[in-house]
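# Fold and contact review
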Amino acid sequence: WSIVDAKGGSLVLEFTDGALRAHDNSQVAVMTNDPDYVWHLRNLNNYAALSTAWPVASYAVETDLSPNSAVPSAVGHGFNLIGMPGDYSPPSRFVK
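Here's a quick rundown of the structure. (Residues numbered from 1 in each chain as written. Predicted model: local features only at pLDDT ≥ 70, side-chain atom pairs only at ≥ 80, totals over all residues. Heavy atoms only, no water.)

Glancing now at the overall build of the protein. Across its full length, the protein holds 2 helices and 5 strands. For the protein, the sequential pattern of α-helices and β-strands runs β-β-β-α-β-β-α. Here the protein, with 96 residues, has 19% of them falling under the buried criterion. In the protein, 34% of the contacts between residues at least 6 apart in sequence involve partners at least 24 apart. Entry remark: accessible area of the protein is about 7100 Å², with carbon and sulfur atoms responsible for 57%. (Helix = DSSP H or I, 4+ residues; strand = E, 2+ residues; numbered from the N terminus. Buried < 20%, exposed > 50% of the residue type's maximum accessible area, 1.4 Å probe, protein only. Contact = heavy atoms within 4.5 Å. Areas by Shrake-Rupley, 256 points an atom, 1.4 Å probe, with all protein chains shown as cover.)

Put into structure tokens, the structure is as follows:
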């Protein structure tokens with residue numbers, strides 16, 4: 001269950017391993033069903049590098065292919081969101 005107060009505080013209540021657990025959900029403010037809430041929080045680590053900013057080439061791994069190109073390079077907007085979940089599964093909904 002998800003409980004939200006008038007000031008925006010959020011709490012998730014769930015039964016895991018036969019015990020009632022309460023999680024402060026004020027920072028994430030998202031809840032979905034199975035798997036458990038802690039699994040979803042850990043799964044967010046897989047998306048920590050996603051950004052809405054324009055992609056920039058990484059000079060740390062750049063290889064010069066003279067006369068006028070370097071690989072890899074940012075080829076367009078949107079490639080920085082590769083890996084963003086797009087289906088309707090609980091993990092995808094939580095991340096979105």
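Its location among the elements puts E14 in strand β2 (residues 10-16). Among the residues examined, E14 registers a relative accessible area of 16% and is labelled buried. C-alpha separation for the pair E14 and D36, spaced 22 residues apart in sequence, amounts to 7.8 Å. Those residues in contact with E14 that sit more than four places away from it in its chain are A19, L20, R21, H23, D36, Y37 and V38. A distance of 3.1 Å separates the side chain of E14 from the side chain of H23, its partner in a polar contact. (Polar contact = N/O pair within 3.5 Å; in protein donor to acceptor, adjacent residues only side chain to side chain.)

Bringing the sheet that holds β2 into the picture now. An order of β1-β2-β3 is seen for the 3 strands of this open sheet, with the pairing classed as antiparallel. Only two strands of the sheet have a single partner each, and these edge strands are β1 (2-4) and β3 (19-24). Pairs of neighbouring strands in the sheet enclose a mean axial angle of 20 degrees, with direction left out of account. Taken together, the 3 bridges between β1 and β2 define a ladder with antiparallel strand orientation. Each bridged residue has a counterpart across the sheet, and for I3 the counterpart in β2 is L11. (Pairing = 2+ DSSP bridges. Axes fitted to C-alpha atoms, helices over the stretch in contact; angles between N-to-C directions.)

Summarising the sheet, β2 and β3 pair through 6 bridges and their orientation is antiparallel. Paired with L11 across the bridge in β3 is D24. Hairpin connection of β2 to β3: 2 residues between the antiparallel strands, including D17 at a positive phi of 55 degrees.

Another point: a nonpolar patch on the surface. A surface patch of nonpolar side chains, amounting to about 400 Å² of accessible area, comprises W1, F15 and L20. Tracing the backbone shows W1 in the segment before β1. For W1, a relative accessible area of 60% corresponds to the exposed category. (Patch = residues over 30% accessible without salt bridge, like charges linked within 9 Å, V, L, I, M, F, W, Y side chains within 5 Å. Salt bridge = Lys/Arg side-chain N within 4 Å of Asp/Glu carboxyl O.)

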